[in-house]
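Here is how the chains run, residue by residue.
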Amino acid sequence: MNTGVREMVDAVFDVSGDRVPVNYPFALWSELLRLVPALVGDASVGVLPLRTTGSEAGMLLPKRAKLVVRLPTPLAAEVASLSGQELELDGLALRLTNGRLREIQPYPTIHAHLVVGAADEVVFVDEVAATLSDLGIAANLICGRHNSLADFATQIQGFSLVIHDLKPEDSLHLQYAGLGSHRQYGCGVFVPYKVITDLN
């Protein structure tokens, strides 16, 4: 295992609500900070993107939607207090229930919806490859679509990314540490990616 990385755990909550704003990650993080002040200033905390479908009214939530907060193990007790709380996202309500902890598993293939980086795909991949090399991690990369996230004050851009052929200790390292900035908005937070087809 690479040293200097805090052990992390996922706090998982059932979510009830109809929809969230298109740029919901900003309001979601503000609400989490309001309800759990211990999260303030901890850049290691990540919030996994909600699974949604787009509509003109916003992003629709499925009935079995989950909120997952990735955080250092010592903060788990603080975040458990979110269970039973109601969050307000730009006028839309979300209620969190059934909070539980989930251990992070070392899958050989992991995926992040948006890793912050250069707008040029070639430059982006080179930068990620250099970062992995500096960490002593040998793996293969698949760069996906260009993604962006913005509100009135912040503009974030990068690409989705699959990293595969990882050793177990390197998979855990990347899931614990993430890649790039803005983990609180769901960027650079990796989850298992169980099926890849047509890699060649």
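See the structure shown above.
Please read all numbers here as calculations on a predicted model, not as lab measurements. (Residues numbered from 1 in each chain as written. Predicted model: local features only at pLDDT ≥ 70, side-chain atom pairs only at ≥ 80, totals over all residues. Heavy atoms only, no water.)

So, about the environment of Asn-98. Inspection of the secondary structure puts Asn-98 in strand E8 (residues 92-102). In the structure, Asn-98 is positioned 84 residues away from Asp-14 in sequence and 5.8 Å away in space, judged by C-alpha atoms. For Asn-98, the residues in contact, after removing those within four places along its chain, are Val-12, Phe-13, Asp-14 and Ser-83. Reaching out from Asn-98, the side chain makes a polar contact with the side chain of Asp-14 at a distance of 2.7 Å. (Helix = DSSP H or I, 4+ residues; strand = E, 2+ residues; numbered from the N terminus. Contact = heavy atoms within 4.5 Å. Polar contact = N/O pair within 3.5 Å; in protein donor to acceptor, adjacent residues only side chain to side chain.)

A word on the nonpolar core. By size, the foremost hydrophobic cluster in this structure holds 36 residues, and its most contacted members are Leu-32 and Leu-67. Of all the elements in the fold, those that place two or more residues in this core are strand E1 (8-16), helix H1 (24-35), strand E6 (66-72), helix H2 (76-79), strand E7 (86-89) and E8. No other element matches H1, which puts seven residues into this core. Ignoring sequence-local partners within four residues, the contact set of Leu-67 consists of Ala-11, Val-12, Phe-13, Val-15, Leu-28, Leu-32, Val-47, Leu-50 and Leu-96. (Core = buried A, V, L, I, M, F, W, Y, C linked by side-chain atoms within 4.5 Å. Buried < 20%, exposed > 50% of the residue type's maximum accessible area, 1.4 Å probe, protein only.)

Turning our eyes to something else, we now look at the packing of aromatic side chains. Per the counting criterion, the structure on display carries two aromatic pairs. A ring pair is formed by Phe-26 and Tyr-185, whose centres lie 4.6 Å apart and whose planes are at 50°; its orientation type is tilted. Residue Phe-26 is found in helix H1, and its partner Tyr-185 is found in the loop between helix H4 (168-177) and strand E12 (191-192); the two are separated by 159 residues along the sequence. The same class applies to Phe-26 as to Tyr-185, namely buried. Ring centres of Phe-124 and Phe-159 lie 5.0 Å apart, and the angle between their planes is 45°; this geometry places the pair in the tilted category. Highlighted residues: Phe-124 in helix H3 (residues 121-134) and Phe-159 in strand E11 (residues 155-164), separated in sequence by 35 residues. Phe-159 gets classed as buried once you look at its relative accessible area, which sits at 5%. (Phe/Tyr/Trp six-rings, centres within 6.5 Å; stacked < 30°, edge-to-face > 60°.)

Turning our attention to the pattern of salt bridges. Under the counting rule described, the total for this entry stands at six salt bridges. Among the ionic pairs, Arg-100 bridges to Asp-14, the shortest N-O distance being 3.1 Å. Taken together, the residues span a long stretch of sequence, with Arg-100 in strand E8 and Asp-14 in strand E1 at a distance of 86 residues. With relative accessibility at 36%, the residue Arg-100 sits in the partly exposed group. Overall, the relative accessible area of 17% leaves Asp-14 in the buried class. Members of the salt-bridge network, linked through shared partners, are Asp-10, Arg-70 and Arg-102. (Salt bridge = Lys/Arg side-chain N within 4 Å of Asp/Glu carboxyl O.)

In space, the four strands of this open sheet follow the order E10-E11-E9-E12, with antiparallel pairing throughout. On the outer flanks of this sheet lie strand E10 (140-150) and E12, each paired with one strand and no other. With five bridges joining them, strand E9 (residues 110-116) and E11 adopt antiparallel strand pairing. Residue pairing across strands places Val-115 opposite Phe-159, the latter belonging to E11. (Pairing = 2+ DSSP bridges.)

Attention now goes to the sheet that holds E1. Ordered by their spatial adjacency, five strands build an open sheet running E3-E6-E1-E8-E7, and the pairing between neighbours is antiparallel. Because the sheet does not close on itself, it has two edges, and the strands there are strand E3 (46-47) and E7. By the bridge criterion, seven bridges tie E1 to E6 in an arrangement that is antiparallel. What sits directly across from Val-9, in E6, is Leu-71. Here H1 sits on the sheet in contact with E3, E6 and E7, set at roughly 140° to E7. (Axes fitted to C-alpha atoms, helices over the stretch in contact; angles between N-to-C directions.)

Keep in mind these numbers describe shape, not what the thing actually does.
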